[in-house]
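Structure assessment
One letter stands for each residue in the lines below.
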Amino acid sequence: MQEHIQPERHRSRYRMVFLILSALVLLVPMIAMRFTSEVNWGAEDFGAAAALLVTGWLSTELGFRLVRSGRGRLHISAAVALAVLGLWAHLAVGI
């Protein structure tokens, strides 16, 4: 019976870490806008960044539900992280 409780606790911890990291990622440009004119984000930029982070999180969640092995989950995490970072870079500077 405890086996069912522990994975849920692990998922809750994972979600909390994701939410904290996402908030920090979105706070960086907000703080940078206070100190420099080089960063000029509007509401649509923050919305796009939030949508990108949520899509990455949902993709990772789906992958983790489909794959049970640690190595497979690592590969899924790396693939999603690279896709999110690549799309973020493309949106930021048009690579």
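Conventions and cut-offs
Residues numbered from 1 in each chain as written. Predicted model: local features only at pLDDT ≥ 70, side-chain atom pairs only at ≥ 80, totals over all residues. Heavy atoms only, no water. Helix = DSSP H or I, 4+ residues; strand = E, 2+ residues; numbered from the N terminus. Buried < 20%, exposed > 50% of the residue type's maximum accessible area, 1.4 Å probe, protein only. UniProt positions renumbered as here; feature names shortened; annotations may be inferred.

This part covers the side chain of E61. Tracing the backbone through its elements, the reader meets E61 in helix 2 (residues 43–66). On the accessibility criterion, E61 (9% relative accessible area) is buried.

The subject of this paragraph is the UniProt feature "transmembrane region" (unreviewed entry) in the chain. UniProt marks residues 46–67 and 74–93 with the feature "transmembrane region" (unreviewed entry), using the numbering shown here. Helix makes up 95% of residues 46–67 and strand 0%, whereas the separation of the span's terminal C-alpha atoms amounts to 31 Å. As annotated, residues 74–93 comprises 100% helix and 0% strand, and the C-alpha atoms at either end are separated by 28 Å.

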